[in-house]
Amino acid sequence: MLCRLFLFLAHNSNINVTAYNVCEVIEGVFCDMAHVMQEDMEKGNEDIDNISISKICQIAIDAAAVSQSLVHIGAMITSALTYFHKQESMEDNVATMITKSRREFDHVSTSAYEFLYNILRHKLRELMSCFVFIEWNAKKDTGTCFESILEITNYLQITMQWLINLPVPIRENAHFLCCNTINEGLVSFLTSGLLKTITVASLRDLDCSISHLKLFSDRCSVRNLSLCFGEVKTLVNILLDKSTPYAIIDNLQAFSDENQNMGRWLRT
């Protein structure tokens, strides 16, 4: 596009085209590109269950790459305008065009990251809806992780591979978001009243599941990631403590009602 524009100027030296006109056209093209990427991403938002995480990551990467490359493109445009003797207010026009165009692509990239977080949160909550099917009244513990927790960590292990080319802060934020979402989901389920009773055997298996989650988080090589599960770990430790009345274990609804501030206390 830029080559065609400059060739047009080269072969039409008498045409009244200023640096402002050239920059305005180029800015319009870049903004249209950014809007197309944004619309493509927003279409996926209408069907979040089937949106491809790899596609969202690619949009984010592409938008960020274009934004960074615009600095060098600006230098190229400046050189071309000088060659074609279009220097009037050239530096201000080019700088303004580059700034506005970069803002558009940075917005697309930021939106893609937010959309990625929403997808991960949505998928995890969908997987955690299976907690109701866990055998919470088991008479004997298995000493293993719950199947639903294994499904969650397997999903994350595969999904996080798509994030490998994203900036490190974005990747780490995604990891923390996922682990915090799982922790909050477990605590909410245990204290919401959906779970009427739970046996010590089931609590021990839940403790194994939390250990599995912490082991998974340690293998992600993200500093302090396993601390995300501190709240649910503390709750399970309280319920397994020998000094905890069995009435609490037999009636989590009463435990939740009488200790409605417990969740807030654990989060501090």
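Read on for an overview of the structure. (Residues numbered from 1 in each chain as written. Predicted model: local features only at pLDDT ≥ 70, side-chain atom pairs only at ≥ 80, totals over all residues. Heavy atoms only, no water.)

Focus: the side chain of S202
Phase 1: Tracing the chain through its elements places S202 in helix α7 (residues 200-219).
Phase 2: A distance of 3.1 Å separates a polar side-chain atom of S202 from the backbone oxygen of E135.
Phase 3: Every residue in contact with S202, bar those within four places of it in the chain, is listed here: E135, W136, N137, A138 and F146. (Helix = DSSP H or I, 4+ residues; strand = E, 2+ residues; numbered from the N terminus. Polar contact = N/O pair within 3.5 Å; in protein donor to acceptor, adjacent residues only side chain to side chain. Contact = heavy atoms within 4.5 Å.)

Section: the packing of helix α5 (residues 147-159) against α7
Phase 1: Put simply, α5 and α7 touch, their axes get as near as 10 Å, and they point 10° apart. As far as their axial angle goes, α7 and α5 are roughly parallel. Between α5, through I149, L150, T153, L156 and Q157, and α7, the contact on the second element is made entirely by S209, H212, L213 and F216.
Phase 2: Here the contact of α5 with α7 is composed, by residue class, of 5 nonpolar, 4 polar and no charged. (Axes fitted to C-alpha atoms, helices over the stretch in contact; angles between N-to-C directions. Parallel < 35°, antiparallel > 145°, perpendicular 65-115°, else oblique. Nonpolar A, V, L, I, M, F, W, Y, C, P; charged D, E, K, R; others polar.)

Some points on α7
Phase 1: A rise of 1.5 Å per residue sets the reference length of α7, with its 20 residues, at 28 Å; its end C-alpha atoms lie 29 Å apart and thus fit the reference within 8%.
Phase 2: Looking only at α7, the buried set comprises A201, S202, L203, D205, L206, D207, S209, I210, L213, F216 and S217.
Phase 3: Downstream of α7 by one or two residues, S221 has phi in the positive range, about 60°. (Expected span 1.5 Å × (residues − 1). Buried < 20%, exposed > 50% of the residue type's maximum accessible area, 1.4 Å probe, protein only.)

Considering helix α3 (residues 53-83)
Phase 1: With 31 residues, α3 should cover 45 Å at 1.5 Å per step; its first-to-last C-alpha distance of 44 Å lies within 8% of that length.
Phase 2: When the local axis directions of α3 are compared, the greatest deviation, roughly 35°, occurs at L70. (Bend = angle between axes of the 7 residues up to and from the residue.)

A few points about the packing of helix α6 (residues 168-191) against helix α8 (residues 230-240)
Phase 1: Interhelical geometry of α6 versus α8 gives an angle of 35° and a closest axis separation of 8 Å. Contacts between α6 and α8 involve N183, L186, V187, L190 and T191 from the former and G230, E231, V232 and L235 from the latter.
Phase 2: Partitioned by chemical class, the residues of the contact of α6 with α8 number 5 nonpolar, 3 polar and 1 charged.

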